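Summary of structural features
Here is what each chain is made of, one letter per residue.
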Amino acid sequence: MKKLILTTILSVFALIAFAAGEAGIKFEKTSHDFGTFPESEKVTCTFKFTNTGDNLLVIHQAIASCGCTVPQYSKEPIKPGETGEIVVTYNGAGKFPGHFKKSITIRTNAKQEIIRLYDEGDLRGNKYRK
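Here the structure is a predicted model, which is why all the values come from computation and not from measurement.

1. Remarks on the packing of aromatic side chains
The final tally for this structure, using the stated rule, is five aromatic pairs. Aromatic side chains Phe-37 and Tyr-90 sit 6.0 Å apart centroid to centroid with 80 degrees between the ring planes, which places their arrangement in the edge-to-face category. Of this pair, Phe-37 sits in strand S2 (residues 31-38) while Tyr-90 sits in strand S6 (residues 83-91), and the two are 53 residues apart along the sequence. With respect to burial, Phe-37 and Tyr-90 carry one shared label: buried. Centre to centre, the rings of Tyr-90 and Phe-100 are 4.0 Å apart; their planes meet at 5 degrees, and the pair counts as stacked. Residue Tyr-90 is located in strand S6, and its partner Phe-100 is located in strand S7 (residues 98-108); the two are separated by ten residues in the primary sequence. For Phe-100, a relative accessible area of 7% translates into the label buried. An aromatic cluster of three or more residues is present, and its members are Phe-34, Phe-37, Tyr-90 and Phe-100.

2. Digging into the confidence of the model for the chain
For the chain, the mean per-residue pLDDT works out to 87, and 81% of the residues sit at or above 70. Across the chain, element-level confidence peaks in strand S3 (residues 42-51) with a mean pLDDT of 98 and bottoms out in helix H1 (residues 2-20) with 52. In this model, residues 10-18 is a region of pLDDT below 50 whose contacts with residues beyond four sequence positions or in other chains number zero contacts.

3. Considering the sheet that holds S3
Taken in spatial order, the four strands of this open sheet run S1-S3-S6-S5, and their pairing is antiparallel. Of all strands in the sheet, those bounded by a partner on one side alone are strand S1 (25-27) and strand S5 (69-73). The mean angle between the axes of side-by-side strands here comes to 30 degrees, regardless of whether they run parallel or antiparallel. Of the strand pairs in this sheet, S5 and S6 are connected by five bridges, and their pairing is antiparallel. Its bridge partner lying in S6, Gln-72 is registered against Val-87.

The rules we used
- Residues numbered from 1 in each chain as written.
- Predicted model: local features only at pLDDT ≥ 70, side-chain atom pairs only at ≥ 80, totals over all residues.
- Heavy atoms only, no water.
- Phe/Tyr/Trp six-rings, centres within 6.5 Å; stacked < 30°, edge-to-face > 60°.
- Helix = DSSP H or I, 4+ residues; strand = E, 2+ residues; numbered from the N terminus.
- Buried < 20%, exposed > 50% of the residue type's maximum accessible area, 1.4 Å probe, protein only.
- pLDDT = per-residue confidence, 0-100.
- Contact = heavy atoms within 4.5 Å.
- Pairing = 2+ DSSP bridges.
- Axes fitted to C-alpha atoms, helices over the stretch in contact; angles between N-to-C directions.

Here it is as structure tokens:
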């Protein structure tokens, strides 16, 4: 009798988990090139994505590889089929001029839990300002 009850309970939990589905995430692009810009200028790009799954998509974290890159995103769950965005701002003030490439690590509840986005560009120093 205990085996029957245990089997029934496990079956119910398995059906609930299966019925709940999974979230999915698909970005329009995963990298952005800012081009060349002066260090005095903050630049921003937007990474748009869609929830391709059949459950709510939640972004748990968006962590940049350094403090000069700041990602912003909605903390609200994204419904299946709906879109969202992650806005990334790069501030090159006081940074060494030249080429840079930064990563933003995104943690979600989607099937692909971790995704990396990249931004890059060429920072001009003070002597190149107009």
